[in-house]
Amino acid sequence: MVNEQDSLSETQRLEMLWSSAFGDSYVERNRNAGNVRQPFWQEMITLCKPQRVLEVGCNLGGNLRWIASLLPPEQVYGIDVNLKALEELHSIVPNVNALYSPARELPFRNRWFDLTFTTGVLIHQPDSTLPLVMNELVRCSNRYVLCGEYFAEQLTEIPYRGERGALFKRDYGKLYQELFPELHLRKEFFLGQDEGWDDVTFWLFERS
């Protein structure tokens, strides 16, 4: 049985991993990942009509640059633990609010945003941290929570560049509904590499 101290140590280990040269390499590999995502975000912003948006795990802005072209950039927020990514995001989209913060403890008040979301971030959370991160996304949202992650019917750990406990597939949509009954599923869909995503399943939830 994993105790609380072991859980915290594992969480801190992974946060340090993503803030280190390992995370810097991820930034480089994903430099062009968001190039064709404009139609996706045009549709999502039209559907949700948010005034203020938060991405948890924003990297260097593959999503936020499109959102900031559709909303006032000062109403667009992103958090990450990798300083290289945040510095580049500041350069790419200067007026976006790019902040350093762990996903498990966001520096925002309750229901500050109309839309909070992750894309490929929950997959990197250990069991000890995942509910905390999901709770923060729900806590900070006034209406919509969007989740885009790798799907599997059962929890499945995937080997990831020689690191243990660093990538998990599971049914994140089902888990959101189990943990937060106030969320109602409004849309579920899958996007592949042709649409600018790496075979990602999306769930869009709305608070009751």
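Bear in mind the structure is a predicted one, so any value in this text is a computation, not a measurement.

(A) Representation of the pairing of strand β4 (residues 113-119) within the structure. Counting buried positions along β4 yields seven of seven residues, so the element is predominantly enclosed. Bridge count for strand β1 (residues 53-56) against β4 is three bridges, and the pairing is parallel. Within β4, the position partnered with E55 by the bridge is F117. Here six bridges tie β4 to strand β5 (residues 141-149), and the two strands are oriented parallel to one another. Note on β5: the bridge partner recorded for T116 is V145.

(B) Quick look at the sheet that holds strand β3 (residues 97-100). Taken together, the seven strands give an open sheet; going across it, the order is β3-β2-β1-β4-β5-β9-β8, and neighbouring strands pair in mixed fashion. Each edge of the sheet is formed by a strand with only one pairing partner; in this case those strands are β3 and β8 (183-191). With direction set aside, neighbouring strand axes in the sheet form an average angle of 15°. Across the sheet, helix α6 (residues 130-139) lies against β1, β4, β5, β8 and β9 (200-207), angled at about 140° from β5, the strand it touches most.

Reading the values: rules and limits
Residues numbered from 1 in each chain as written. Predicted model: local features only at pLDDT ≥ 70, side-chain atom pairs only at ≥ 80, totals over all residues. Heavy atoms only, no water. Buried < 20%, exposed > 50% of the residue type's maximum accessible area, 1.4 Å probe, protein only. Helix = DSSP H or I, 4+ residues; strand = E, 2+ residues; numbered from the N terminus. Pairing = 2+ DSSP bridges. Axes fitted to C-alpha atoms, helices over the stretch in contact; angles between N-to-C directions. Contact = heavy atoms within 4.5 Å.

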